[in-house]
Every structure is written in structure tokens, then in C-alpha cells.
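For reference, the chains in residue letters:
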There are 2 protein chains.
Amino acid sequence: MDPLVTAVQTFARRYRLFQSGDAIIVGVSGGPDSLCLLHVLQQLSLQLTVAHLHHGLRGVDADADERFVADAARELGLPYIEGRADVRALAAREGWSLEEAARLARYAFLRDTAREAGACVIAVGHNADDQAETVLMHFLRGSGVDGLRGMLPRTPLADYRLISGEAEEASELSDTPLWLVRPLLQTDRDRIAGYCAAHGLQPRYDQSNEDTSFYRNRLRHELIPILKNYNPAIQEVLAHTAEALAGDAETLQGQTAQAWDAVALPGGPDEIIFDLESWRAASIGLQRALLREAVYRLRRSLRDLGWEHVERAVWLAREGETGQAATLTGGLALELGYDRLRIAPEDAPWSVAAPQIAEALPLTVPGVTPLPGGWRIVIEAADTSDARPGEGDDPWQAWLGAGATGPVLTLRPRQPGDRFQPQGMGGHSMKLNEYMINAKIPRDARAHWPLLVGRGGIAWVCGLRVDERAAVTPASTRVWRVTIERLYAAHDPAETRQGEARAPGPPVDFLRGD
Amino acid sequence: MDPLVTAVQTFARRYRLFQSGDAIIVGVSGGPDSLCLLHVLQQLSLQLTVAHLHHGLRGVDADADERFVADAARELGLPYIEGRADVRALAAREGWSLEEAARLARYAFLRDTAREAGACVIAVGHNADDQAETVLMHFLRGSGVDGLRGMLPRTPLADYRLISGEAEEASELSDTPLWLVRPLLQTDRDRIAGYCAAHGLQPRYDQSNEDTSFYRNRLRHELIPILKNYNPAIQEVLAHTAEALAGDAETLQGQTAQAWDAVALPGGPDEIIFDLESWRAASIGLQRALLREAVYRLRRSLRDLGWEHVERAVWLAREGETGQAATLTGGLALELGYDRLRIAPEDAPWSVAAPQIAEALPLTVPGVTPLPGGWRIVIEAADTSDARPGEGDDPWQAWLGAGATGPVLTLRPRQPGDRFQPQGMGGHSMKLNEYMINAKIPRDARAHWPLLVGRGGIAWVCGLRVDERAAVTPASTRVWRVTIERLYAAHDPAETRQGEARAPGPPVDFLRGD
């Protein structure tokens with residue numbers, strides 16, 4: 001067995017690329033990388049299907065490539081699927097470069113082919129030199145660990161933005177995730193050429209790979225030779241950098257997910273809310289990662305989210321004051337609330353994590369009354385000795401003197417003329433509206449803020465403060481324990497993480513497939 | 001106030017470089033960066049001392065620099081300290097490049113100056129272009145996040161390897177850590193030149209900065225201009241990369257420290273022992289980081305620890321079998337034990353985490369008997385109802401039937417002909433040596449392994465298994481609870497982390513100071 005086959009086998013085992021017997025779509029252009037890949041995989045007891053996309057770009061050359069791949073598949077006795085794309089039209093329609101359009105068309109085709117063939121693994125021929133070029137490209141354009149780690153040996157295809165929002169659709173088509181694997185990612189171009197020669201493979205060469213008007217080709221043919229003057233082993237070094245950073249990126253993703261759990265609060269469907277105190281306790285690196293993750297979750301893209309956006313927002317969130325905002329991308333902004341941060345469309349009203357009460361609602365006492373928006377209110381009769389007013393820090397639980405409130409309790413919105421005596425302020429009576437402003441209830445939440453009302457008037461401005469007159473005193477004989485609970489959140493960040501563990505951060509970007 | 005002063009003030013506050021009133025040593029070469037730095041810092045209510053090192057390298061030019069800096073300090077009314085080094089001799093003696101020797105001599109001088117002056121902050125003039133060059137240099141040489149993050153705005157000086165092992169000494173000289181700060185790290189060279197011009201500063205220019213036989217100067221004068229053809233904003237981009245990765249590096253260090261706590265076991269003074277199962281549960285990225293950290297702790301250097309060393313060792317530890325080893329650097333190797341990994345000098349015998357018993361030792365029953373090597377054995381009389389044999393997973397605690405063992409207990413090494421009936425094996429009797437082999441006690445630990453012996457013979461092969469005949473049974477009326485404890489470990493990894501939080505990973509390397 002050729003040593004390359006053994007090397008690919010080890011690599012595949014280590015990175016769990018596939019297992020014996022797996023059905024695999026092999027993307028074959030007809031060039032040396034994919035032809036070598038096909039030949040190597042054929043020796044590994046896999047069920048292969050050859051797939052080739054005609055990009056509609058290079059005229060008779062592309063036609064010849066297509067025939068060549070079809071012939072190669074037939075000679076090997078493998079099923080063959082071909083597709084056609086009009087990459088030029090796609091690029092024009094979407095405003096993409098030809099390279100980008102070709103890449104995305106290719107992945108869409110491979111994905112569809114895999115779905116049809118019932119395969120869940122797609123193998124492509126990226127090699128170690130491609131990897132070095134990818135790392136270099138990200139380095140020159142400016143990138144964090146997510147870009148500098150280059151391409152991954154194995155990555156879910158759903159992580160790739162395909163054609164206009166298709167990624168989400170695709171993942172709904174099937175429960176089985178599609179994996180993109182790159183078995184030759186540690187094999188350099190010379191070794192692949194050597195393998196082809198040794199095994200009598202005569203690949204086609206794509207002339208467009210020489211065209212230095214493509215950025216990647218300029219790196220390959222111009223810049224990498226220059227960099228070899230500074231380090232002759234530059235390609236090897238960059239491939240190692242990618243591998244090392246891929247491991248670090250995984251660690252960072254784990255930390256970001258953990259930090260997310262610690263800071264994210266329930267919010268509306270088009271907003272992410274962070275608890276400001278927990279956010280500020282996180283390191284600057286995690287703050288940047290959380291911000292990027294928030295933008296990614298809201299927009300499924302980090303496009304145009306530059307360094308300056310992130311820095312401005314992160315520092316504002318660290319040092320800014322209530323009411324300040326920083327523009328992000330995709331129409332989003334970060335806004336600083338009193339005790340929370342929000343990433344949401346600019347100028348969107350703050351959603352409020354409180355039940356909204358449009359009209360008076362009689363409550364079951366004692367008992368449970370459902371409230372709009374997935375909330376409920378639970379009222380329990382308790383002995384005075386059970387009362388722990390002020391204990392615990394759940395603002396949605398209150399202890400009230402039952403003698404003061406009486407047994408008829410109502411939840412209602414505010415009314416003109418409402419006044420309130422906040423407990424602990426020496427019986428000082430103030431306008432309810434004034435109290436709400438002081439308590440930083442956002443303007444548009446005040447009108448429907450829940451007020452618990454009993455015999456003596458407002459007993460509890462829910463979530464905030466008990467009225468002095470309704471509070472439990474040493475003289476109280478019976479008390480109400482009132483709890484407002486959210487049964488489900490309109491938007492639970494935890495849901496996003498269920499199922500297939502999606503990496504926080506953007507899909508890895510790369511520009512040239514095989 | 002010049003906007004640069006405000007910018008430096010903001011930067012200093014964000015990265016906690018210094019506070020108003022701090023005593024600061026400013027390293028001044030006389031070039032534009034350090035002269036600008038001095039001028040800016042003078043406007044920030046700090047107690048400055050100017051320090052200049054004559055490197056003994058550039059003859060009359062260097063003499064003139066020295067006079068220039070002394071004059072500048074005098075004009076500003078600041079204390080001035082100068083030093084002289086013979087960098088050429090240092091380079092020759094230590095086998096370093098001139099650049100490296102100059103850098104290390106400079107930091108040693110600044111450190112000593114700070115100690116003398118009672119300052120704990122040293123400011124140097126590295127700018128954003130220096131940072132970009134540093135990142136580029138690490139990128140070309142091959143580096144993980146630790147290198148690609150470039151220079152830090154603030155870093156403990158003790159983290160720098162100074163002259164031959166001086167770093168450790170230095171940190172013992174004083175309880176106060178010395179901080180190296182770089183207030184101009186986000187200011188580019190053009191802005192510094194502009195500031196100098198605007199404020200009538202006439203810095204000296206070091207001709208050796210033009211000498212492209214120095215690697216860094218080649219990057220600055222040759223490669224960066226080329227890279228600008230690929231991204232005109234390359235310097236800015238690299239400075240941002242550094243800043244982003246510095247945050248990520250901090251997160252990764254935190255994770256590495258946490259992982260260390262989960263996997264490190266007590267070991268000898270020149271070895272690090274990891275629990276194999278916990279190690280294998282860690283991600284590959286953390287495994288690499290732990291391995292590098294282990295080498296760094298043992299050798300205070302990661303010099304010559306290449307990618308191949310790390311990968312070979314990491315994959316061996318993941319997939320290898322007991323007894324296999326992989327060579328690292330500094331004479332170290334990683335060895336795979338039965339349930340542990342060891343990083344230690346090649347061919348060093350395994351130290352054993354058990355007391356070593358050379359001759360029979362009568363024990364105080366009940367009571368405490370000290371054992372060699374910082375261990376002790378505690379024997380307590382207990383009621384049968386207290387006995388929890390098999391509960392908990394401390395192998396160094398055993399419950400024995402006092403009726404079976406009697407009150408005279410001894411700890412002794414093995415003797416020829418010793419036999420043992422391991423509890424739970426149906427009374428099967430076996431040769432003790434055979435048992436020890438099965439239990440994977442290393443060969444050289446078997447001879448002095450502690451055996452607890454009572455009336456009926458071996459009652460407990462300590463740390464491993466109680467003898468069937470000495471075990472607690474329903475018929476037991478009195479029991480011994482025997483505990484072997486280590487009072488101090490020869491090498492406690494936790495100690496290394498006390499005091500000033502030392503970052504895991506190597507000191508940041510950089511080649512050219514100001």
C-alpha cells in the first residue's frame with residue numbers, strides 16, 4: 001500500500017473523517033488533488049460516488065474536464081453525478097466575485113448530490129499548500145483565530161453560507177448533518193504530484209490556476225516564493241499554524257459557549273440581551289467573542305463586521321453609560337441599558353422581560369393564574385414564620401401582609417393618578433410614574449407593567465418593590481407569597497445550541513475549492 | 001493637550017499601564033519612539049526616571065546618543081541613570097545573536113535600574129509598527145497564539161528570560177513584581193514622527209535600523225512594502241490581529257490553568273505527572289498547551305520545542321501504549337505509563353507516589369506513625385457500624401477487621417515467598433510479586449512497596465487491595481481504619497501558581513527593543 005494511503009488513513013482516524021463502509025461523495029474537478037484523493041479513498045473500503053460540477057466558465061476546457069471525470073469514474077466502476085452551474089450569472093446576481101460564486105455553487109451542488117445519494121460525508125481535495133495559502137490570505141486580510149486556523153479537516157457543511165440563506169433551509173431538509181472532509185489537508189502538492197506519477201494518473205490542469213488576477217493565485221505564484229526567502233519552510237509552518245490554531249479555536253469556542261450561558265438573558269426574537277454585570281466580569285477576549293457571536297446569531301453572518309465595530313462596541317459596553325449605543329453591521333447596534341446590554345436592530349424598542357398587562361386581571365387567591373406571554377402568577381398563603389421578605393434575590397417574588405391586602409388581589413396596568421409608597425423609604429409617597437422612571441423601566445414598558453393591587457391599593461410594583469403599607473410586619477399574622485414565573489421564553493438562547501453542536505463564530509471562509 | 005497624550009492616557013487606563021503618581025523608569029535610546037514617549041509621559045503626573053543603556057556597539061554614535069539622552073533628561077529636570085553593556089561579548093559568551101543579546105542586556109539593565117530606583121513600572125517605546133513587525137516575524141517563523149499576539153501592552157518583566165537563569169533570581173529580589181509597559185503600542189511611527197516635529201523634539205536616528213542584515217530590518221524595509229501590495233493597511237491589520245489574539249491568549253491561558261488542575265498529579269521535583277484518563281478527556285488544543293506548559297515548568301524555556309516534538313508526543317499520549325515514549329527538548333521525554341503520563345528527563349526512573357519502606361516499621365495502634373518521604377500512617381479504632389469498606393475512591397484508605405489482624409501492626413517491604421489473597425477474588429491466593437505485576441506497580445517500586453502486616457500475614461497491599469482474610473465482615477466487631485497520607489509533596493504543581501499569576505506558556509519573544 002502506498003505510504004500516502006496509510007498517511008490518509010491515520011489522518012482520517014485521528015480527525016474522525018469517516019469510517020469504513022461510509023457513503024462518501026467525492027468532489028472531483030479532474031485536477032491532481034481530487035484525482036489523487038479519489039484514487040486514495042478507493043483503497044479504503046468506502047462507498048464512493050464521484051461528483052463533478054461544470055461551472056459554465058471555461059468553455060471547451062470545462063467540457064473536456066467533465067468528460068475526463070466521467071471516464072475516470074466509469075473506469076473505476078464508481079457511480080458518477082454531474083451538475084451544471086452558471087457561475088458568471090450567479091456572481092452578477094449576488095454581487096460576488098467569480099471565485100466566491102464558483103465556490104458557493106460547488107458546495108451547493110455537492111450538498112444536493114449528497115442529499116440525493118443519501119451520503120453524509122463529502123470529501124474534497126484541499127491540500128497542505130491550499131491550507132498555507134488560506135492561512136496567509138486570512139493573515140493579510142486581518143483575522144482572528146477563526147480565520148488563521150484555515151480550513152478544518154472536518155466541518156459541518158451547514159456551517160457554510162451557501163447561496164442566499166440556503167444554509168438554514170438545507171439543515172432542515174434532513175436530520176443527518178452533512179460533513180465536509182479534507183483527507184489531503186496535510187499532504188502537500190509535491191507529494192500529490194508524486195503519487196499521481198507513481199500510479200499513472202494523468203490529471204487535467206486548470207489553466208485558471210495560473211491566472212494571477214485571482215488573489216489566491218497571486219499568493220501562490222508571487223508572494224509565497226518571496227516569503228520563502230524569509231523562511232524556506234513557510235508552507236509547512238503555515239500548515240502547522242493552522243493545525244495548532246484549530247485546536248485553540250475549539251477551546252475558545254467552548255469558553256465562549258460557557259460565557260454565553262453566564263451572560264445571556266432571555267430576549268425578543270431579534271435581539272440578544274446580556275446581563276451587564278456578568279458581561280463586565282468577562283475578559284476582553286470573551287467580550288469580543290460574545291459580541292461577534294451575538295451578531296452571528298442575529299444575522300447568520302459576520303460580513304462587514306470590522307475590527308473598529310467590535311472595538312467601539314466592546315469598549316462602550318465596558319466603560320459607557322446607560323443609553324449610549326454603538327453601531328454594528330447589518331443594521332444592528334449595541335445599546336447600553338441600566339443593567340443590561342442589548343444587541344438589536346438600531347432604534348428597536350427594548351423588549352421587556354416582564355409580563356405585559358393590558359387590562360385588569362382578577363387573580364386566584366391562593367392559586368395560580370396564567371398571564372400573557374408565557375408567564376404565570378402563583379399566590380400561596382403562608383405563616384408569618386415562613387415569610388422571608390428580602391431574602392433571596394429573585395425580584396419576581398414578594399411577601400405581602402395578607403391582612404393589609406385582603407384576599408381579593410388583582411393584576412392591572414397603571415392608571416392616572418397612581419401613587420406608591422416604596423418599602424424602606426419611610427412611608428414616602430410618590431407618583432407611580434416617577435417611581436418607574438427612577439427604577440429605569442423603559443418608557444414603552446411602563447404602560448403595561450404589572451401592578452399587584454389589593455384592598456389598600458398598589459401592593460407590589462411587580463419585579464421591583466413592595467408598597468410600605470402591604471409589607472409583612474411583625475404584626476402580620478398571615479402572609480401571601482407571590483411569585484411571577486416565566487414558563488417559556490420567547491427566545492431562549494439555549495435552544496440555539498441544542499442538537500448538533502454548532503461552533504460559535506462565523507463559518508470558516510475559504511476562496512478556492514478543488 | 002496634544003491628542004496623542006489623550007490617546008495614551010486612554011490606552012493606559014484601559015490596560016492599567018500605570019496610575020497617576022506612579023514611579024516609572026522610562027527606557028530612552030534617544031530615537032523618536034522613546035523621546036516621544038518621555039515627552040508624553042511627562043504630561044501625565046508620573047514620577048519619571050530616564051534610563052539609557054550604552055550597548056558598547058556603535059562607537060562614537062553610541063557615545064553621542066548617551067550624551068543626548070543625558071541632556072534631554074537634564075533639560076526636563078528628570079533623574080537620569082545610565083549603564084554600559086558589552087553586548088558583543090555577551091552574544092559571544094551565550095551564543096546569541098547581537099539583536100538578542102542587546103535586547104536581553106537592555107532588559108536586565110532596566111530591571112536593575114527599577115529595583116534601585118524603587119520603581120515597579122518600566123516604560124518602553126515600542127510602537128504599532130514594531131508590533132506589526134513582531135507579529136509578522138512570528139507568523140513567518142511559525143507560532144501559535146502566544147507568538148502571534150505580539151507584544152503585550154503590559155507584562156511582568158519576570159516573564160522575560162533575562163541573562164542565563166537570572167529571571168528566577170530577579171523575582172526573588174523583591175516581592176513587588178516589575179511591570180513592563182508599552183504606552184505607544186497602538187501609535188504608529190508616522191504619528192510619532194508628527195508628534196516629535198510638532199513639539200520640536202529632534203531625536204537621534206540609529207543607523208543600524210537601516211541595516212537589512214538584521215532580520216527585523218528586512219521585514220520593515222523589504223517585506224512590509226511588498227505586503228502592502230496585497231493589503232495597503234497591512235500594518236494596521238497586524239496590530240489588530242495582535243490585539244485580538246492577546247485577548248484570546250488570555251482566555252486560553254485560563255483554560256490551560258484549569259485543565260492543569262484537572263490532570264496534574266503530584267510528582268518528583270524534575271517531573272510532571274498527568275493522569276492519563278483526564279488527559280485523554282481534554283481536547284487536542286489543551287493537550288498541546290499542557291505539554292508545552294509542562295516543558296516550560298521543567299526547563300523555564302520552550303527553546304527548540306518544535307511542532308514535530310509536540311505533535312509526536314501529543315499523539316503518542318492519545319493513542320500510544322504503556323511504556324512508549326517520545327523525545328521532547330532539553331533532555332526531556334514524554335512517557336506513557338499504565339494510567340499516567342510523565343514528562344521527565346529521558347530514562348529517569350519513575351518516581352512513585354507511595355511511601356517507600358526499606359525495612360519493617362512497627363506502627364502505633366491506634367495512632368500516627370511518620371513514614372519516610374513526607375508520608376504518615378494513621379490507624380484509628382472504629383465501630384463496625386462506621387466501617388465503609390469500598391466507599392470513596394481513596395486507595396490510601398482501608399478498613400480492616402481488627403479481630404483478624406490483631407492489635408500489632410507493622411509496615412514492611414515484601415519478603416521472598418510472600419503470598420496474598422486479594423479481596424473479592426474468592427479467596428484465591430497468589431504470589432505477591434505476581435499480584436504487583438498485575439497491579440502495574442513499576443518494577444523498581446515493588447521492592448519497597450508498603451505492606452501492612454498483622455497477625456494473619458499481609459492485611460493490605462497499601463494503596464491497592466486488602467487481603468480477603470483481613471477484610472471487614474458482618475462478623476467483625478471492631479475495625480481499624482487505616483489512612484496513609486502525604487503531608488507534603490516533593491513537587492506540588494499548585495505552588496508554581498501561587499503569588500503573581502504567572503501566565504502559562506512561554507514569555508513573549510521579541511527581537512528589537514527601543
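Residues numbered from 1 in each chain as written. Chains lettered and ligands numbered in written order. Predicted model: local features only at pLDDT ≥ 70, side-chain atom pairs only at ≥ 80, totals over all residues. Heavy atoms only, no water.

A.B. asks: Account for the overall build of chain A, with residues named and values stated.
C.D. replies: Tallying secondary structure elements over chain A gives 18 helices and 22 strands in all. Pairs at least 24 apart in sequence give 70% of the contacts found in chain A among residues at least 6 apart. When the accessible surface of chain A is summed, it comes to about 22300 Å², and 49% of that surface belongs to carbon and sulfur atoms. (Helix = DSSP H or I, 4+ residues; strand = E, 2+ residues; numbered from the N terminus. Contact = heavy atoms within 4.5 Å. Areas by Shrake-Rupley, 256 points an atom, 1.4 Å probe, with all protein chains shown as cover.)

A.B. asks: Describe the relation of the copies chain A and chain B, and please don't skip the residues or the numbers.
C.D. replies: If you rotate chain A by 179 degrees and push it 0.3 Å along the axis, it lands on chain B with an RMSD of 0.6 Å. Given the turn and translation reported, the copies of this chain are related as if by a two-fold rotation axis. The C-alpha atom lying nearest the rotation axis in chain A is that of leucine 252 of chain A; the distance is 3.5 Å. Most of the interface of chain A is mirrored in chain B, where 100% of its interface residues again form contacts. (Least-squares fit on C-alpha atoms with pLDDT ≥ 70 in both.)

A.B. asks: Can you explain helix H5 (residues 98–117) of chain A? Please cite residues and give values.
C.D. replies: All names here are of chain A. Taking 1.5 Å of rise per residue, 20 residues should cover 28 Å, and H5 covers 28 Å from first to last C-alpha, within 8% of that figure. With respect to burial, H5 is a largely interior element, 15 of its 20 residues being buried. Directly after H5, the chain includes glycine 118, whose backbone phi takes a positive value near 70 degrees. (Expected span 1.5 Å × (residues − 1). Buried < 20%, exposed > 50% of the residue type's maximum accessible area, 1.4 Å probe, protein only.)

A.B. asks: So, the packing of helix H13 (residues 284–299) of chain A against helix H14 (residues 307–319) of chain A: which residues are in play, and what are the values?
C.D. replies: Residues and elements named next belong to chain A. At a minimum axis distance of 10 Å, the contact between H13 and H14 shows a crossing angle of 115 degrees. H13 and H14 meet at a crossing whose hand is right-handed. Between H13 and H14, the residues in contact are Ile284, Gln287, Arg288, Leu291 and Arg292 and Trp307, Val310, Glu311, Ala313, Val314, Trp315 and Arg318, respectively. Its residues assigned to classes, the contact of H13 with H14 comprises seven nonpolar, one polar and four charged. (Axes fitted to C-alpha atoms, helices over the stretch in contact; angles between N-to-C directions. Left-handed = near helix turned anticlockwise from the far one by under 90°. Nonpolar A, V, L, I, M, F, W, Y, C, P; charged D, E, K, R; others polar.)

A.B. asks: Summarise the pattern of salt bridges; cite the residues concerned and give the values.
C.D. replies: Residue and element names in this part refer to chain B. For the structure shown, the criterion picks out 50 salt bridges over all chains. Salt-bridge contacts for aspartate 63 lead to arginine 84; the nearest nitrogen and oxygen are separated by 3.7 Å. Highlighted residues: aspartate 63 in helix H3 (residues 59–76) and arginine 84 in strand E3 (residues 80–84), separated in sequence by 21 residues. Residue arginine 84 is classed as exposed on the basis of its relative accessible area, which comes to 57%. (Salt bridge = Lys/Arg side-chain N within 4 Å of Asp/Glu carboxyl O.)

A.B. asks: Break down the sheet that holds strand E22 (residues 478–486) of chain B for me, citing the residues and quoting the values.
C.D. replies: Strands in a sheet are paired, the pairing made by backbone hydrogen bonds, and the direction either parallel or antiparallel. Residue and element names in this part refer to chain B. Spatial ordering of the open sheet is given by E13-E14-E22-E15, a layout of four strands whose pairing is antiparallel. Both outer strands of the open sheet, strand E13 (367–371) and strand E15 (397–401), are each paired with one neighbouring strand and no more. Neighbour to neighbour, the strand axes of the sheet diverge by 20 degrees on average, direction disregarded. By the bridge criterion, five bridges tie E13 to strand E14 (residues 375–383) in an arrangement that is antiparallel. (Pairing = 2+ DSSP bridges.)

A.B. asks: Quick one: what's the story with the confidence of the model for chain A, residue by residue and with numbers?
C.D. replies: All names here are of chain A. In this model, chain A carries an average pLDDT of 85, and 88% of its residues clear a pLDDT of 70 or more. Ignoring residues within four places in sequence, the model shows residues 489–514, a span with pLDDT below 50, making 77 contacts including any to other chains. Among the prediction metrics, the complex's ipTM stands at 0.71, with pTM recorded as 0.72. (pLDDT = per-residue confidence, 0-100.)

A.B. asks: Describe helix H2 (residues 32–41) of chain B, with residues and values.
C.D. replies: Among the ten residues that make up H2 of chain B, nine are buried, leaving the element largely enclosed by the rest of the structure. Residues of H2 of chain B that are buried include every one of Pro32, Asp33, Ser34, Leu35, Cys36, Leu37, Leu38, Val40 and Leu41 of chain B, and no others.

A.B. asks: Tell me what's going on with the interface of chain A and chain B, and back it up with residues and numbers.
C.D. replies: Often the size quoted for an interface is simply the accessible area lost on bringing the parts together. Opposite the 47 residues of chain A that make contact, chain B presents 47 residues. Here chain A meets chain B over a buried area of about 4200 Å², counting both sides, of which 62% is carbon and sulfur. Of all residues in chain A, Phe139, Tyr230 and Trp307 of chain A give up the largest surface area on contact with chain B, accounting jointly for 19% of the area buried on that side. Applying the counting rule to chain A against chain B returns six salt bridges. (Buried area = accessible area lost by both parts, 1.4 Å probe.)

A.B. asks: Tell me about the side chain of arginine 342 of chain B, and name the residues and values.
C.D. replies: Residue and element names in this part refer to chain B. Here arginine 342 lies in strand E11 (residues 340–345). Within the structure, arginine 342 has its side chain in polar contact with the side chain of glutamate 271 (distance 3.1 Å). Looking at arginine 342, its side chain comes within polar contact range of the side chain of glutamate 335, at 2.7 Å. (Polar contact = N/O pair within 3.5 Å; in protein donor to acceptor, adjacent residues only side chain to side chain.)

A.B. asks: Go over the environment of alanine 72 of chain B with me, naming the residues and quoting the values.
C.D. replies: Relative to the assigned elements, alanine 72 of chain B resides in helix H3. For alanine 72 of chain B and glycine 30 of chain B, which are 42 residues apart along the polypeptide, the C-alpha to C-alpha distance reads 8.6 Å.

A.B. asks: Tell me about the sheet that holds strand E10 (residues 332–336) of chain A, and please be specific about residues and values.
C.D. replies: All names here are of chain A. Taken together, the five strands give an open sheet; going across it, the order is E7-E8-E11-E10-E9, and neighbouring strands pair in antiparallel fashion. Each end of this open sheet is capped by a strand with a single partner; those strands are strand E7 (264–265) and strand E9 (325–327). Here four bridges tie strand E8 (residues 272–275) to strand E11 (residues 340–345), and the two strands are oriented antiparallel to one another. Within the sheet, the bridge partner assigned to isoleucine 272 lies in E11 and is isoleucine 343. Taken strand by strand, H14 contacts E9, E10 and E11, and its axis lies near 170 degrees from that of E9.

A.B. asks: With reference to specific residues and values, describe unusual backbone geometry.
C.D. replies: In this structure, the amide linkage connecting valine 365 of chain A to the following residue, proline 366 of chain A, adopts the cis form with an omega of -15 degrees. Position of proline 366 of chain A relative to the elements: it lies in the loop between strand E12 (361–362) and strand E13 (367–371). You will see that arginine 16 of chain B, though not glycine, has its phi angle at about 50 degrees, which is positive. Position of arginine 16 of chain B relative to the elements: it lies in the loop between helix H1 (3–14) and strand E1 (23–27). Classification of arginine 16 of chain B by relative accessible area gives exposed; the value is 64%. Phi at serine 45 of chain B takes a positive value of approximately 50 degrees, unusual for a residue other than glycine. With respect to the helices and strands, serine 45 of chain B occurs in the loop between H2 and strand E2 (47–54).

A.B. asks: Just give me the short version of the pairing of E13 of chain A, but keep the residues and values in it.
C.D. replies: On E13 of chain A, burial follows the alternation: Gly367, Thr369 and Leu371 of chain A on one face are buried, whereas Val368 and Pro370 of chain A on the facing-out side are not. Counted along the chain from E13 of chain A to the antiparallel partner strand E14 (residues 375–383) of chain A, the turn is three residues long, and its residue glycine 373 of chain A has a positive phi close to 75 degrees.

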